[in-house]
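Coordinates in review
The chain contents come next:
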Amino acid sequence: MGSSFQLRIRTPTEKYLSVHLLDYFDKPSEIEKASAVKVAMQKQGFNFKENGVFTTLDIKQSQDYINQLISEKISYKSLNLPHCGIFHEYDDLVISELLSQCVLNNYSINQL
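Residues numbered from 1 in each chain as written. Predicted model: local features only at pLDDT ≥ 70, side-chain atom pairs only at ≥ 80, totals over all residues. Heavy atoms only, no water.

The helix and strand tally for the chain stands at three helices and five strands. Counting from the amino terminus, the chain carries its helices and strands in the arrangement β-α-β-α-β-β-α-β. Taken over the C-alpha trace, the chain has a radius of gyration of 14 Å; the compact-globule value for 112 residues is 13 Å, and the two agree within 12%. Each of the three principal axes of the chain carries a C-alpha extent, and together these read 35 × 30 × 25 Å. Considering the chain as a whole, with its 112 residues, one finds that 33% of them fall into the buried category. Taking the intrachain contacts of the chain between residues at least 6 apart in sequence as the baseline, contacts between residues at least 24 apart amount to 61%. Accessible surface, the chain: about 7400 Å² in total, of which carbon and sulfur atoms supply 48%. If you average the places of the 11 positive and of the 13 negative side-chain charges in the chain, the two averages end up 6 Å apart. (Helix = DSSP H or I, 4+ residues; strand = E, 2+ residues; numbered from the N terminus. Rg over C-alpha atoms; globule rule 2.2 N^0.38 Å. Buried < 20%, exposed > 50% of the residue type's maximum accessible area, 1.4 Å probe, protein only. Contact = heavy atoms within 4.5 Å. Areas by Shrake-Rupley, 256 points an atom, 1.4 Å probe, with all protein chains shown as cover. Lys, Arg positive; Asp, Glu negative; His and termini not counted. Charge placed at Lys NZ, Arg CZ, Asp CG, Glu CD.)

Don't take any of this as a statement about function, it's just geometry.
In structure tokens form, the structure reads like this:
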């Protein structure tokens, strides 16, 4: 759902969608990489919702898709690998809906 990709500004300086770079984790499969992200986030004290979901996107594909449809730039920037942020300066509802159309896979928190 598009609402899953809306910005959730926690501090005045955090104006990005928090993501993790799966290629950072040296695991053979995507689901194992997603599981490694979950473990890393738990070690930092993150509490997951019981019905939470991890979603995978291809960075290049999603950038190209959004740029093609609305000619607006989004960028993925390293904040502290493997943590990254999706930055944009466009209507959040539009960007979030377009990102939701780029989803490759979903993994339930309970599945990981």
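Here the narrative resumes.
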